[in-house]
Amino acid sequence: MAAPLDMEPSTLSLELLPTDPLLLILSFLDYRDLMSCCYLSRRLNQLSSHDPLWKRHCKKYWLISEEEKSQRNQSWKAIFISTYSDLGRYIRYYATLKKAWDDLEKYLGQKCPRMIGSLKESVREEDLDAVEAQIGCKLPDDYRCSFRIHNGQKLVVPGLMGSMALSNHYRSEDLLDIDTAAGGFQQRLGLKQCLPLTFCIHTGLSQYMALESVEGRNKYEIFYQCPDQMARNPSAIDMFITGTSYLEWFTSYVNKVVTGGYPIIRDQIFRYVHDKECVATTGDITVSVSTSFLPELSSVHPPHYFFTYRIRIEMSKDALPEKACQLDSRYWRITNAKGDVEEVQGPGVVGEFPIISPGKVYEYASCTTFSTTSGYMEGYYTFHCLYYKDKFFNVTIPRFHMVCPTFKVSTARMVNGDAVVKTFLVQKETNHNEYAADEDEDSTDTDEYEDRRRVLDIPAPSGCCPRHT
C-alpha cells in the first residue's frame, strides 16, 4: 500500500549522525574552524576535541614531532593551544622560518660545526616589544618570528650570512642579534628608519631593512647601502636590493646554503654562485666558474661594479698519467654591456703555474670591474705536457656572465646646488647602463681600484687586487 502523499520525511539531526563521518569532515577543517566547532553544540565540542584532529595542525604550524609530544606529555590539542598562546601572531611564518633554521643548523653541524656555537638563543616577546619602544618603529612579524627562534649570532668570524675573500679583501657578515641591531638603527638622512640586519667587522658593511616607506624605499625592503660619490648631498645613498621581505631574504639564503648552492671553503659559507651550464671540457680537463658581486667595492655613481670569480680546473681521474700538464698562460676576452671588448693575456694565474694531473683539482679566485651593470668573460689557458714538453695545447674557459643586483638610485642628489629627485629602479638585466653612457671603458689599472677603495671608505688592503688572472 502506498504511503500517504502528505507524510513528511524524518529529520536527520546532528546528534543522529555517526561519529566516523563527522570526524572525517572535521579533519578537513583549519584550526580556526575546528576551534569554532567547540562552541556550536555539545557533540561538536566533544568531537572537535578528538586529539588526532590536532596532530595535523601541530605538525603543520608548529612542526611538533612525535618525540617532542612525548617529552611534553600533553595532548595534541593542549600543545597546539599552548603554542598558539605564545606564538599565535606568527602562525603565518613560524613553520617556514623554523624549518629554515632547522635545516640550516643540521647543515652547519655537518659542514661548519664551529658556526653552530655562535648562534644565540631565542628572545622573548617583551624583549622585542622593548626594542620597538626604543627605536619608535614596529618590527615586521616575520623578523620578530625569526628572533623567537634564534636571536641572531654573536659578533664572530665566520659570519652566518656568508663570506668573501680575495688576496687583499675579506668580508664575513654576522646576523645581528636584536640588541645590536637596535643600537645601529638609523635616523639620519639617507638611511632614515633603517635597521641593520648584518654586519661585517672587517669592512663595516651591513645589510639594512627599511622599517618605513621613506626616501624612495619600500617598507621592509632589504639592501646594501651605496653612497653616491658624485652627489653633493651626503645623504644621497643608492641601494643594492637583496630582498623584499625578511622571510624571503632569509629563507632564500638558507635554501641556497643547504642545497649546496654556496660552496663551503675553510669552514665558511662563501657566496659564490655557480651556473651549471658554465662548464667547459677540453680533452681530460674541465673548467667551471662561479661568480659573486661585491657591493662594498662597487658604486652606482660613479658606475663601478666589482665582481669576483672562482675558477676550478680539474683533470679526469681516468686520464692517463702521461696527460699530466702545467699551466703556462691565460687569455681573456672581456665584454661589457655596451659591447666594448678588452683582451688580456699574461703568464700563469694569480702568480702561479699549477700542475694538473689525473684526479687533481686546482682552484683560484680573481676579480674584475665593469662600468656597466653587466658583462661577461671567456678565454682559454695554455698548457704544456710534462711528458712531452714541446707539446702545447689550449683549454677553453667557458663564457660566464656577471650581473649586478637590482638597485635603486637615491631620491636625494644635489646637482648645481639643487635637489633632484630620482627613483630609478634598475632590474637584473643585461641592458646597457644609462649612467655609464659617458664613462671611460673598463680599465685594469690597479691605481683606479685604489681610488675607488678610498672613496668607499674601505680599510686599506695589504696589496693590489689581482684582476683578470
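Just above, that's the structure.
Parameters at a glance
Residues numbered from 1 in each chain as written. Predicted model: local features only at pLDDT ≥ 70, side-chain atom pairs only at ≥ 80, totals over all residues. Heavy atoms only, no water. Helix = DSSP H or I, 4+ residues; strand = E, 2+ residues; numbered from the N terminus. Buried < 20%, exposed > 50% of the residue type's maximum accessible area, 1.4 Å probe, protein only. Contact = heavy atoms within 4.5 Å. Areas by Shrake-Rupley, 256 points an atom, 1.4 Å probe, with all protein chains shown as cover. Arc of directions from axis to C-beta. Pairing = 2+ DSSP bridges. Axes fitted to C-alpha atoms, helices over the stretch in contact; angles between N-to-C directions. Parallel < 35°, antiparallel > 145°, perpendicular 65-115°, else oblique. Left-handed = near helix turned anticlockwise from the far one by under 90°. Nonpolar A, V, L, I, M, F, W, Y, C, P; charged D, E, K, R; others polar. Polar contact = N/O pair within 3.5 Å; in protein donor to acceptor, adjacent residues only side chain to side chain. Patch = residues over 30% accessible without salt bridge, like charges linked within 9 Å, V, L, I, M, F, W, Y side chains within 5 Å. Salt bridge = Lys/Arg side-chain N within 4 Å of Asp/Glu carboxyl O. Disulfide = S-S within 2.5 Å. Phe/Tyr/Trp six-rings, centres within 6.5 Å; stacked < 30°, edge-to-face > 60°.

*Asks:* How would you explain the overall build of the chain if you had to name every residue and give the values?
*Replies:* If you tally the helices and strands in the chain, you get 13 helices and 23 strands. A burial count over the chain gives 49% of its 469 residues as buried. Summarising the internal contacts of the chain: among those between residues at least 6 apart in sequence, 63% fall at separations of at least 24. Entry remark: accessible area of the chain is about 22700 Å², with carbon and sulfur atoms responsible for 50%.

*Asks:* Describe in detail helix H9 (residues 125–135), supporting the description with residues and values.
*Replies:* Buried residues of H9: Glu125, Leu128, Val131, Glu132 and Ile135, and no others. Take H9 and look down its axis: the buried residues cluster within an arc of 125°, on one side only. Along H9, exposed side chains directed more than 90 degrees from the buried face belong to Ala133 and Gln134. For H9, the secondary structure elements touched by its buried residues are helix H6 (76–87), helix H10 (141–149) and helix H11 (178–183). Just downstream of H9 lies Gly136, where phi reads positive at about 75°.

*Asks:* Give me the lowdown on the pairing of strand S7 (residues 222–227), citing residues and values where you can.
*Replies:* Side-chain direction in a regular strand flips from residue to residue, so the side chains alternate between the two faces of the sheet. Alignment of strand S6 (residues 207–210) against S7, held across three bridges, turns out to be antiparallel. Bridged to Met209 within S7 is Ile222. Strand direction decides the pairing type here: S7 and strand S8 (residues 237–243), joined by six bridges, are antiparallel. Considered in S8, the bridge of Ile222 is made with Gly243.

*Asks:* Talk me through the packing of helix H7 (residues 94–111) against helix H12 (residues 246–258); I want residue IDs and the actual numbers.
*Replies:* Close contact between H7 and H12 brings their axes to 10 Å; oriented N to C, the two are set at 30°. Here H12 runs roughly parallel to H7, going by the angle between their axes. In this structure, H7 meets H12 at a crossing whose hand is left-handed. Only Tyr246, Leu247, Phe250, Thr251, Val254, Val257 and Val258 of H12 make contact with H7, whose side of the interface consists of Thr96, Leu97, Ala100, Trp101, Asp103, Leu104 and Tyr107. In the contact of H7 with H12, the residues fall into 11 nonpolar, two polar and one charged.

*Asks:* Tell me about the sheet that holds strand S12 (residues 285–293), and name the residues and values.
*Replies:* Taken in spatial order, the four strands make up an open sheet running S11-S12-S13-S17, and their pairing is antiparallel. The sheet is open, and its two edges are formed by strand S11 (273–282) and strand S17 (361–370), each paired on a single side. Within this sheet the neighbouring strands show an average axis-to-axis angle of 20°, counted without direction. Relative to S12, S11 is paired through six bridges, and the arrangement is antiparallel.

*Asks:* Go over the side chain of Arg144, please, and point to the residues and values.
*Replies:* By the secondary structure assignment, Arg144 is in helix H10. Reaching out from Arg144, the side chain makes a polar contact with the side chain of Tyr90 at a distance of 2.9 Å. Apart from residues no more than four positions distant in its own chain, Arg144 is found in contact with Arg89, Tyr90, Glu125, Leu128, Asp129, Glu132 and Leu139.

*Asks:* An account of a nonpolar patch on the surface is requested, with residue identities and associated values reported.
*Replies:* Taken together, the side chains of Leu155, Val157 and Ile201 define a hydrophobic patch exposed on the protein surface, amounting to about 240 Å² of accessible area. Note that Val157 resides in the loop between H10 and strand S1 (163–166).

*Asks:* Outline the state of the cysteines, listing residues and values.
*Replies:* In the structure shown here, the tally under the stated rule is zero disulfides. Unpaired in terms of disulfides, Cys404 finds its nearest cysteine sulfur in Cys226, a separation of 9.7 Å. By relative accessible area, Cys404 is classed as buried at 2%.

*Asks:* Give me the packing of aromatic side chains: which residues, what numbers.
*Replies:* This model, assessed by the stated rule, comprises 27 aromatic pairs. Consider the rings of Tyr208 and Phe223, whose centres lie 6.1 Å apart with planes at 25°: the pair is stacked. With Tyr208 in strand S6 and Phe223 in strand S7, this pair connects stretches of sequence that are 15 residues apart. Consider the rings of Tyr253 and Tyr262, whose centres lie 5.8 Å apart with planes at 40°: the pair is tilted. You can call Tyr253 buried: its relative accessible area is 4%. These aromatic residues form a ring-pair network of at least three members: Tyr31, Trp54, Tyr61, Trp62, Phe80, Tyr84 and Tyr94.

*Asks:* So what about the environment of Leu160? Which residues, and what values?
*Replies:* Checked against the element boundaries, Leu160 lands in the loop between H10 and S1. Accessibility expressed as a relative area gives 0% for Leu160, which makes it buried. Between the alpha carbons of Leu160 and Ile269 there is a distance of 7.5 Å; along the sequence they are 109 residues apart. Apart from the residues within four sequence positions on either side, Leu160 is in contact with Trp101, Leu104, Leu108, Met115, Leu119, Gln153, Glu173, Asp174, Leu175, Tyr253 and Ile269.

*Asks:* Describe unusual backbone geometry, and please don't skip the residues or the numbers.
*Replies:* The omega angle of the peptide bond from Val157 to Pro158 is 10°, so this bond is cis rather than trans. In this fold, Pro158 is placed in the loop between H10 and S1. Here His301 and Pro302 are connected by a cis peptide whose omega angle stands at 0°. Its place among the elements puts Pro302 in the loop between S12 and strand S13 (305–315). Here Glu215, not a glycine, exhibits a phi torsion of approximately 55°, which is positive. Along the chain, the position of Glu215 falls in the loop between S6 and S7.

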